[in-house]
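Fold and contact review
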Amino acid sequence: MRTPGVWWRGKSTPAKVETYTRWSFHFFAVIEIATIGLPAIGQLGSRFGGWALLAVCVHGVLYAVTASRALDWTRGTRDQPVRLLWALGTVTALIAVGGAVLTEHGPGGADAESAAAVLSVTVPAFGVGAIALGIRDWRRAFALAAGAAVGVAGVVFLVGIPAYAALGAGGAELFMAGVLVSTSVLSLWLLNTVYALDEARETRARLAVAEERLRFGRDLHDVMGRNLAVIALKSELAVQLARRGRPEAVEQMIEVQRIAQESQREVREVVRGYREADLGTELAGAQGVLTAAGIACEVSGPVTGLPAQVQSALGWVVREAATNVLRHGDAGRCSVSVRVAEGRVTLSVENDGVPDGGSDGGSDGGSGARPGGVPGAGSGGESGSGLVGLRERLAEVGGVLRAGAVGGGLFRLSAEVPLPVAAVTPGAPETPGADLSERDAERRRLPAPAPAPAPVSEVTS
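Once that is clear, we can look at the sheet that holds strand S5 (residues 410–418). Strands sit in the order S1-S2-S3-S5-S4 across an open sheet of five strands; the sheet is mixed. The sheet is open, and its two edges are formed by strand S1 (296–300) and strand S4 (400–407), each paired on a single side. Sheet twist, expressed as the average angle between the axes of neighbouring strands with direction ignored, equals 15°. Of the strand pairs in this sheet, S4 and S5 are connected by seven bridges, and their pairing is antiparallel. When the sheet's bridge partners are listed, Leu401 is paired in S5 with Ala415.

With seven of eight residues buried, strand S3 (residues 344–351) is to be regarded as a mostly interior element. Between strand S2 (residues 333–341) and S3, which pair antiparallel one after the other, the connecting turn spans two residues, and Glu342 there sits at a positive phi close to 55°. Pairing of S3 with S5 involves eight bridges; the strand directions are antiparallel. Each residue of the ladder has a partner; that of Ser348, found in S5, is Ser414.

Moving on, we get to the side chain of Gln252. Considering the arrangement of structural elements, one finds Gln252 in helix H7 (residues 248–272). A relative accessible area of 16% means that Gln252 is categorised as buried. Discounting residues that sit within four places of it in the chain, Gln252 has contacts with Lys234, Leu237, Ala238 and Leu241.

Take Ala341: it is sitting in strand S2. Judged by relative accessible area, which is 27%, Ala341 ranks as partly exposed.

Here we take up the packing of helix H2 (residues 13–74) against helix H3 (residues 82–105). Contact pair H2 / H3: the axes reach a minimum separation of 10 Å and the direction vectors enclose 155°. If you check the angle between H2 and H3, you find them roughly antiparallel. Once H2 is placed against H3, the crossing between them reads as left-handed. Contacts between H2 and H3 involve Leu44, Phe48, Ala55, His59, Leu62, Tyr63, Val65, Thr66 and Arg69 on the former and, on the latter, Leu84, Leu85, Ala87, Leu88, Val91, Thr92, Ile95 and Leu102. The residue makeup of the contact of H2 with H3, split by class, is 13 nonpolar, three polar and one charged.

Here S2 shows a clear split, with Cys334, Val336, Val338 and Val340 buried on one side and none of Arg333, Ser335, Ser337, Arg339 and Ala341 buried on the other. Judged from the eight bridges that link them, S2 and S3 form a sheet pairing that is antiparallel. Looking at S3, one finds that Val340 is bridged to Val345.

In total, this model carries 11 salt bridges according to the counting rule given. With a closest N to O distance of 3.3 Å, Arg246 and Glu248 form a salt bridge. Given the relative accessible area of 39%, Arg246 is considered partly exposed. Given the relative accessible area of 32%, Glu248 is considered partly exposed. Here Glu255 ties to Arg258 by a salt bridge, and the two come within 2.6 Å at their closest N and O atoms. Taken together, the residues Glu255 and Arg258, both in helix H7 and three residues apart, mark about one turn of the helix. Taken together, the shared-partner salt bridges in this structure form one network comprising Glu18, Arg22, Asp72 and Arg78.

Once that is clear, we can look at the side chain of Ser348. Along the chain, the position of Ser348 falls in strand S3. On the basis of relative accessibility, which here comes to 15%, the residue Ser348 falls in the buried class. Contacts of Ser348, omitting those with residues within four sequence positions, involve Ser335, Val336, Ser337, Arg412, Leu413 and Ser414.

Rules used throughout
- Counting restarts for each chain: residues are numbered from 1 in the order of the written sequence.
- Selection of residues for local features in this predicted model requires a pLDDT of at least 70, selection of side-chain atom pairs for listing and counting requires 80 or more, and totals for whole chains, interfaces and linings are taken over all residues.
- To obtain the side-chain values, all non-hydrogen atoms of the structure were included, while hydrogens and water were left out.
- At least two bridges found by DSSP between two strands is the condition for calling them paired.
- The secondary structure listing takes helices from DSSP runs of H or I that are at least 4 residues long and strands from runs of E that are at least 2 residues long, numbered from the N terminus.
- Axes, fitted as lines to C-alpha atoms, cover a helix only where it is in contact. Angles between the N-to-C directions of the axes lie from 0 to 180 degrees.
- Only protein chains enter the calculation, and the probe is 1.4 Å; a residue is then buried if its accessible area is under 20% of its type maximum, exposed if over 50%, and partly exposed in between.
- For this analysis, residues touch if any pair of their heavy atoms sits within 4.5 Å.
- Any angle between 65 and 115 degrees counts as roughly perpendicular, while under 35 counts as roughly parallel, over 145 as roughly antiparallel, and the rest as oblique.
- Here is the rule for handedness: rotate from the far helix to the near one, and if that takes an anticlockwise turn smaller than a right angle the crossing is left-handed, while a clockwise turn gives right-handed.
- Just so you know the grouping, Ala, Val, Leu, Ile, Met, Phe, Trp, Tyr, Cys and Pro go in nonpolar, Asp, Glu, Lys and Arg go in charged, and all remaining residues, Gly too, go in polar.
- Salt bridges, as used here, are contacts in which a Lys or Arg side-chain nitrogen is within 4 Å of a carboxyl oxygen on Asp or Glu.

In structure tokens, the structure reads:
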């Protein structure tokens, strides 16, 4: 069974604002019954007070239901509650008339007259405030408040109360109805604004992901566009030479084979992230994307001087973590830290986007990954391709991945990679920079490409 705290944390920010708004208006109904209906029993007597309490209770329940349905209509989940609005308006008018009649022809006494005056002025103000939730135009809502004030003054005057008292009742009604209508209008504006901002944030997140896909597409086009054009040209030339019986056709096809193998290698590098892989670039890009999406992102720690293989693996961790913070959860803050110590580099990505206080994923990055901004992983963490892919990339450099909730609504993804012996200097765990020769040496440690197949001339012979 979910506790209230878990239920509340499981809601998004707009949903929390909507719940708060909805229950605020429900509480207004409770206030109406407690401050108007219950005191009426002691002030009007058991006979008139009982009927007054019943009328206020009916009005309060109708108020709460109408406010809830009107909020649903505002969010587009229900039709406009026209019948409820008319029903609430009718009950409000009847109570106002009844209160005015009791003021002049009731049981008498200062307390009874005060209670009747409260019925004729306060109840209409609550009713107008709820009806304003079901009106799209705020001008019409305030016009309704002014009309209610005129109506109360007219009814009070018609039952025989002096004109000055009627004007006073109308002024009190205008003030109270104006306050409640303003509350309703501002609440709707705030609720719609929060939802609009959330939609804009989601749009920015989708645009950031789309921009990353476009960047990958541009890289792939840069790699394949020229090579495919050369392959097509040389293949056409080889066909023409072969038709003429020229031996140069074999040389052209050998060249086509070489370019195709080179293209395959370059595409593999693009897909695996080895092409221009730089941890500093990935950190800057992740910080910019998260900040644009309204998530406060802090980056700390040294990012230079790391071997190319380590930078590439950790860069993929940053890219995957940032993408999934945007897609999953409701994070408002994300921190990325890099620490180099004792021959190991540790990258930690922590965010507060755990809506349900999910279970700790453990040291192997098991369950509960999705809420924290890491690709969804089932039990054991093997059902989601994100964690599995990151583990495979880190395993190539001897690294490990840990992911899981750490309490307090926080989720942490950490990757730990050992540094090559040549990259670790005793007494200086954090290297301020790295020269090109060191980076070239690391690149030469990459697995060599597969040997080229035999030339066409050898196959045919």
